[in-house]
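# Descriptive analysis of the structure
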Amino acid sequence: MTRIGKLEAVGFRGILRSEPLEFGRACQSMVVYGENARGKSSFVDAIECYFLDRIGHLERESVGRAAYRHRAHPKDLAAWVRLEFSERDKGGTLEIDATRRLTYCGDSPEAEAFKNLANRELLILRHRDLSRFVDMTKREKLSDLAPLLGTEVLDETRGELSAALRQVEGDLDFQQQRIRERQESIAARIGRPDYSDADMWGFVNQEAAVLGAPEPIGQPKEMKVFLEKVSITPDPQRGQRLRALEDAKRELEELGRLPNVVGTAREFANAFNQLALDQQAIQEIALAGVREAGLGVLRSEWWTQNVCPLCDEPLRDRPSLVSMLEARLLDAAEVRQRARELEAQRESARNTLRQSGDALEQALAAVGEVAECAPVNREGGQVLGALRRLNEALRTPLEPGARVAESEIGFAEQQLESLHSARSTSGDALSAAIARMQPGEEERRRLNSYTALSGIAEDMERLEGLGSEYSASDARVRSLRNALEEFERREREAVSAVVEQLSDDVTRYYQKLYGGERYSNVRLEFLPEERGLEFSLEAYGEDISPPRLILSESQLNGLGLCLFLAAAKHFNTDAGFVVLDDVVNSFDADHRTQLAELLVEEFEDFQVIAFTHDPVWFDILRQMAPAWEFQRIVGWSYEQGVQLELPPREERERIERHIDKGEADVAGNLAGDYIENRLKYVCLRLRVPLPYRSWYDNEKRGIGELLRFLVHHVQSQKHFQLRDPHIWNKLNASGLIRNLTSHDQPELPAPPSGADVAYALEKVEGLMQQFSCQKCGKWVWYARLTSDEFEFQCHCGQMQFR
Amino acid sequence: MPKEPPGPRVLREFMECLSTVEGVDEGVATVLQELHARGELKASAIVAALRKAREGTEQTRDENREA
């Protein structure tokens, strides 16, 4: 895994001039200390911007990219952030020009590939985000972790499988309804309130006996064969005519069962026309397809060209484009769902139309030769034409302002009404024709039996078709349901397993932070029924969930931190570092040491880059992890930006450069810190006794106090002589030092001159030289003479301090 | 501890073993696998493919009956 080797920025956020953070040859972990408003977060912003091409907390506050550049940075120069890594070819530079355009330039092709992999991982945790996850709902928690768990693809697949299952179940319900209608029709024909096979076959055989059936009928096929052969009258021609009239009547009856074409078409047209009026929604739907395709290309490994696959323009900012496309697709999710439902409705309306058309064509073919059915034939032809026109209208593509013409639905409705009327006329004509033939008593009885049996045979034939359709649909529904169940089982097992592993780490980390307190077994659990995640813990012998019921704000923040660290450790495969921005701020003093220990012990194989304004935590980590790098931010100003602490010689050179440039006020500020640090160093080495102060107040000793006790301590040594006995007076003569040590400084002290600063530096250097042996060149604190007194001497022994 | 996110792996393994899952018809499994392979696993496409498969079956049945 890759670690950061060097972070450097110029003109970026609060960093005006180059103040690189160097992580050493081994790319060590680092703690950066700086008081508030000294520019710590500028370094974190630089890392975030380098990887993600944006700074999330600024985006959330609607702050534009103008804020990415330091205002004092020359407008004609690009601001930049450069990162180098443990693998040299992965380094790169991100530039922000005056037009706020971001341009990334990797040192090699591997650099950009690494950047694109790492930006999907957990890199940065800021103080303000600590409890964000803990406060989310269960569903939000799962969807927040979804990109890491990769469950988005599972959510999508489950959604599509479920929707498909609902649709085929709908088909099944429709078929079941049609079967019920046919059974009710048979029940009506045999004069029973409900359908039963036994009743039906009893009736069939009773009527077949009237027609002279030689043996009992038990199968639909047998009945069909019998009806084809049976004669109603002794005169075959007359019999044939009677049968034709009776068959035509039955076909007209079937026409009355046509599905509700107009209703389904109108339902679809209303939904369609309403959506088509929403121009923005249609554009979103249309663009979603393009965006989805573009996103697929950008995410693919094979798209290595530096041009946008959507517009062929040079691709300057690939991750931003990917984020933008993802956000737009998310925004369009609801309207796309509406569009999908609309397409399903369209499909259903067109299916109904097709079924009606087929049934009508079949009926017209059957009654075509019967003169009494001429009105039905005429109107039926018109209806077929109207249905074809309606079918075309239902195919209208979804575009802004498009409409499914109501007139076509109205026309089809009108034609169907005419057909209905013609059906009635033809039905009457058929009945009249049968009556005109004046069948005798026996003939009428036989005709009634034939009519009843033909109707049942027709219903049974349809039932048979519907039954096999239903069986096939039922098999598909069961298959799809089993597939979905299997899918959900696998999903549940896989997500539970990962969450459990994550949870084990969270439990261990939390135990390290808050071990020994009342709460135990802090866990993160996957709740498949609720499609969510939630924390739980044990306290006072009870399971508690959510933890907010019982944990303090600080403990909740701790939980958020544990989850971030566990998730980073679990999911980061390329980035071997995590950046923590002031997270210790949220912890009470009692748990800072535990946090330091957690980071040192559990993240040995990670590079931890922690920014803090807590000096105690900084010191704790310095004691606990001597191999880590430690850096202080000593100043920030608009003119200079962030200033890191440097070794004394380099710091003095930096101050001198400011003096040479005429920046005396900047030099004065830096010199104040420099002089204080030098005096602290001498006091520490000479073991100057100072009055005790509690906690970090020990660190907050000004130049005046340090100097006063140093003078007293040096003067109390009987065997030590200053080479320059006037050094104290010379120091006190410095206007800058006088200003820094004065108790009654004016509110707005006059800025020091360059000469003042140079004089103070020279005298402080002179003071340091008082403790260096001229003969051996070693400091007087080179060797300690006794174990319990503050007595020292140099290497050669010529200079003694006692 | 595996570092691979479970989502894509679960989907891939599910599709691979779909034909052997008890109670899943081979035709349905094939439809889902083919749509997944083409990146078109959408409800409307699944339903359309299943209806088409049904029509195909019915056509074959009709042809057989006629024969």
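All residue numbers here refer to positions counted from 1 along the written sequence of the relevant chain. Key to labels: chains lettered from A, ligands numbered from 1, both in the order written. For a predicted model such as this one, the threshold for reporting local features is a pLDDT of at least 70, and the threshold for listing and counting side-chain atom pairs is 80 or more; totals across whole chains, interfaces and linings nevertheless cover every residue. Water and hydrogen atoms were dropped before computing side-chain values, which therefore reflect all heavy atoms in the structure.

### Structural notes on the overall build of chain A
- Only DSSP runs of H or I covering at least 4 residues are called helices, and only runs of E covering at least 2 are called strands; the numbering of each starts at the N terminus. Across its full length, chain A holds 24 helices and 17 strands.
- Remark: exposure states derive from per-residue accessible area (1.4 Å probe, protein chains only) relative to the maximum for the residue type, with buried under 20%, exposed over 50%, and partly exposed in between. Counting all 802 residues of chain A, 49% fall into the buried class.
- Contact between two residues is taken to exist if any of their heavy atoms lie within 4.5 Å; hydrogens are not considered. Look at the contacts in chain A between residues 6 or more apart in sequence, and 68% of them connect residues 24 or more apart.
- To measure how exposed things are, a 1.4 Å probe is used in the Shrake-Rupley method; for residues, cover is taken only from the protein chains shown. Accessible surface for chain A amounts to roughly 39000 Å². Of this, 47% is attributable to carbon and sulfur atoms.

### Re the overall build of chain B
- If you tally the helices and strands in chain B, you get 3 helices and 0 strands.
- Listed by position from the N terminus, the elements making up chain B come as α-α-α.
- Total accessible area on chain B is roughly 4000 Å²; 49% of this is exposed by carbon and sulfur atoms.

### Quick look at the packing of aromatic side chains
Residues and elements named next belong to chain A.
- Pairing of aromatic side chains here covers Phe, Tyr and the six-membered ring of Trp, requires ring centres within 6.5 Å, and sorts the geometry by plane angle: under 30 degrees stacked, over 60 edge-to-face, intermediate tilted. Summed over the entire model, instances satisfying the criterion amount to 21 aromatic pairs over all chains.
- Ring centres 5.7 Å apart and planes at 40° place the aromatic pair Phe 51 and Phe 577 in the tilted group. Pair noted here: Phe 51 is in helix 1 (residues 40-52) and Phe 577 is in strand 11 (residues 577-581), with a separation of 526 residues, a long-range link. Neither residue differs from the other here; Phe 51 and Phe 577 are each classed as buried.
- Between Phe 85 and Phe 114 the ring centres are 5.0 Å apart and the planes differ by 70°, which places this aromatic pair in the edge-to-face class. Taken together, the residues Phe 85 in strand 4 (residues 79-85) and Phe 114 in helix 3 (residues 109-118) connect sequence positions 29 residues apart. Just as Phe 85 is buried, Phe 114 falls in that class too.

### Thoughts on the side chain of Arg 531 of chain A
Residues and elements named next belong to chain A.
- By the secondary structure assignment, Arg 531 is in the loop between strand 8 (520-527) and strand 9 (532-539).
- For Arg 531, the side chain forms a polar contact with the side chain of Glu 491, separated by 2.9 Å.
- Setting aside residues up to four positions removed in sequence, Arg 531 forms contacts with Lys 138, Arg 139, Leu 142, Asp 155, Arg 158, Glu 491 and Phe 526. Between N or O atoms, a polar contact is any pair within 3.5 Å; within protein, one atom must be a potential hydrogen donor and the other a potential acceptor, and residues adjacent in sequence are included only when both atoms are from side chains.

### Focus: the pattern of salt bridges
Residues and elements named next belong to chain A.
- When a carboxyl oxygen of Asp or Glu is within 4 Å of a side-chain nitrogen of Lys or Arg, the pair counts as a salt bridge. All told, the structure shown has 63 salt bridges over all chains when counted by the stated rule.
- Here Glu 254 makes a salt bridge to Arg 182, at a shortest N to O gap of 2.6 Å. Note that Glu 254 is positioned in helix 8 (residues 236-255) and Arg 182 in helix 5 (residues 152-190), a separation of 72 residues in sequence. You'll find Glu 254 and Arg 182 in the same group, each marked buried.
- Glu 553 is the salt-bridge partner of Arg 548, the closest N and O atoms lying 3.5 Å from each other.
- Residue class for Arg 548 comes out partly exposed when judged on its relative accessible area of 39%.
- Judged by relative accessible area, which is 45%, Glu 553 ranks as partly exposed.
- Within this structure, Arg 182, Arg 189, Asp 247, Arg 250, Glu 253, Glu 254, Arg 257, Glu 458, Asp 459 and Arg 462 form a network of salt bridges that share partners.

### Points about the packing of helix 6 (residues 197-210) of chain A against helix 15 (residues 441-514) of chain A
Residues and elements named next belong to chain A.
- Where helix 6 contacts helix 15, the axes come no closer than 9 Å and their chain directions differ by 145°. In the crossing of helix 6 with helix 15, the sense of the turn from one axis to the other is left-handed. Side by side, helix 6 and helix 15 meet where Met 200, Trp 201, Phe 203, Val 204, Glu 207, Ala 208 and Val 210 of the first sit next to Arg 445, Arg 446, Ser 449, Ala 452, Leu 453, Ile 456 and Met 460 of the second.
- Gly is placed with the polar residues, together with every amino acid not listed as nonpolar (Ala, Val, Leu, Ile, Met, Phe, Trp, Tyr, Cys and Pro) or charged (Asp, Glu, Lys and Arg). Classifying every residue of the contact of helix 6 with helix 15 by side-chain character gives 10 nonpolar, 1 polar and 3 charged. Working convention: axes come from line fits to C-alpha atoms, limited for helices to the stretch in contact. Angles between N-to-C directions cover 0 to 180 degrees. Note: crossing handedness is left-handed where the near helix turns anticlockwise from the far helix by less than a right angle, and right-handed where it turns clockwise.

### Considerations on the sheet that holds strand 8 of chain A
All names here are of chain A.
- What makes two strands pair is DSSP finding at least two bridges between them. The strand order across the open sheet formed by 3 strands is 8-9-10, and the pairing between neighbours is antiparallel. The open sheet has two edge strands, strand 8 and strand 10 (542-544), and neither has a second partner. With strand direction ignored, the average angle separating the axes of adjacent strands in the sheet is 30°.
- When strand 9 meets strand 10, the two strands line up antiparallel, connected through 3 bridges.

### Some thoughts on helix 6 of chain A
All names here are of chain A.
- The span expected for a helix works out to 1.5 Å for each residue beyond the first. Helix length check: helix 6, at 14 residues, gives a terminal C-alpha distance of 20 Å against a target of 20 Å (1.5 Å per residue), a fit within 8%.
- Along helix 6, the positions that sit buried rather than exposed are Met 200, Trp 201, Phe 203, Val 204, Glu 207, Ala 208 and Val 210.
- Next to the buried residues of helix 6 lie helix 5, helix 7 (220-229) and helix 15.
- Downstream of helix 6 by a residue or two, Gly 212 has a phi angle that is positive, lying close to 80°.

### Some remarks on the interface of chain A and chain B
- In this complex, chain A contributes 39 residues to the contact, which on the side of chain B involves 31 residues.
- Note: buried area is the sum, over both parts, of the accessible area (probe 1.4 Å) each one loses when the two are combined. Across the chain A to chain B interface the summed buried area is about 3100 Å²; carbon plus sulfur atoms make up 64%.
- Together, Glu 160, Arg 476 and Arg 490 of chain A form the three largest contributors to the area buried by chain A at its contact with chain B, with a combined 17%.
- Counting the contacts that link chain A with chain B gives 1 salt bridge.
- The salt bridge partner of Lys 42 of chain B is Glu 156 of chain A, with a shortest N-O separation of 3.2 Å.
- Going through the elements one at a time, helix 4 (138-149), helix 5, helix 12 (333-367), helix 15 and helix 16 (553-571) of chain A are the ones with two or more residues in the side of chain A that touches chain B.
- The biggest single contributor to the side of chain A that touches chain B is helix 15 of chain A, with 17 residues.
- Of the residues in the side of chain A that touches chain B, the class split is 13 nonpolar, 14 polar and 12 charged.

### Some points on helix 3 of chain A
- Listed in full, the buried residues belonging to helix 3 of chain A are Ala 111, Phe 114, Lys 115, Asn 116 and Ala 118 of chain A.
- In this structure, the buried residues of helix 3 of chain A make contact with helix 1, strand 4, strand 6 (102-106) and helix 11 (318-331) of chain A.

### What to know about the confidence of the model for chain B
All names here are of chain B.
- The pLDDT averaged across chain B works out to 77; a share of 72% of its residues lies at or above 70.
- Across chain B, the secondary-structure element scoring lowest on mean pLDDT is helix 3 (residues 43-66), at 65, and the one scoring highest is helix 2 (residues 26-37), at 90.
- Confidence estimates for the predicted assembly give a pTM of 0.65 and an ipTM of 0.87. Confidence scores here are pLDDT values: one per residue, from the predictor, ranging 0 to 100.

### Remarks on a negative patch on the surface
- For patch building, the residue pool is restricted to those with more than 30% relative accessible area and no salt bridge; the joining distance is 9 Å between like charges and 5 Å between nonpolar side chains (Val, Leu, Ile, Met, Phe, Trp, Tyr). Charge convention: Lys and Arg are scored as positive, Asp and Glu as negative, and His as well as the terminal groups of each chain are ignored. The atoms used to mark charge sites are NZ of Lys, CZ of Arg, CG of Asp and CD of Glu. Negative charge collects at one region of the surface, where Glu 525, Glu 538, Glu 542 and Asp 543 of chain A lie side by side.
- Locating Glu 542 of chain A in the fold gives a position in strand 10.

### Some thoughts on the pairing of strand 12 (residues 607-612) of chain A
All names here are of chain A.
- Extensive coverage of strand 12 is indicated by the burial of 6 of its 6 residues.
- Sheet topology note: the strand 3 (residues 30-34)/strand 12 ladder contains 4 bridges and is parallel. The partner of Val 32 across the bridge, within strand 12, is Phe 611.
- By the bridge criterion, 5 bridges tie strand 11 to strand 12 in an arrangement that is parallel. Within strand 12, the residue paired with Val 579 across the bridge is Ile 609.

### Concerning the sheet that holds strand 17 (residues 800-801) of chain A
Residues and elements named next belong to chain A.
- Read from one edge to the other, the open sheet built from 3 strands follows the order 15-16-17, with strand pairing classed as antiparallel. Edge positions in the sheet fall to strand 15 (783-784) and strand 17, since each has one partner strand and no second.
- Pairing of strand 16 (residues 792-793) with strand 17 involves 2 bridges; the strand directions are antiparallel. Counted as the bridge partner of Gln 793 is Gln 800 from strand 17.

### Comments concerning the pairing of strand 6 of chain A
- Strand direction decides the pairing type here: strand 5 (residues 92-96) of chain A and strand 6 of chain A, joined by 5 bridges, are antiparallel. Across the sheet, residue Glu 95 of chain A finds its bridge partner in strand 6 of chain A, namely Thr 103 of chain A.

### Remarks on the environment of Met 223 of chain A
Residue and element names in this part refer to chain A.
- Mapped onto the elements of the fold, Met 223 is located in helix 7.
- According to the relative accessible area criterion, Met 223 is buried, its value standing at 0%.
- In the structure, Met 223 is positioned 19 residues away from Val 204 in sequence and 8.4 Å away in space, judged by C-alpha atoms.
- For Met 223, the contacting residues outside a window of four places in its chain are Val 204, Ile 217, Leu 453, Ile 456, Ala 457 and Met 460.

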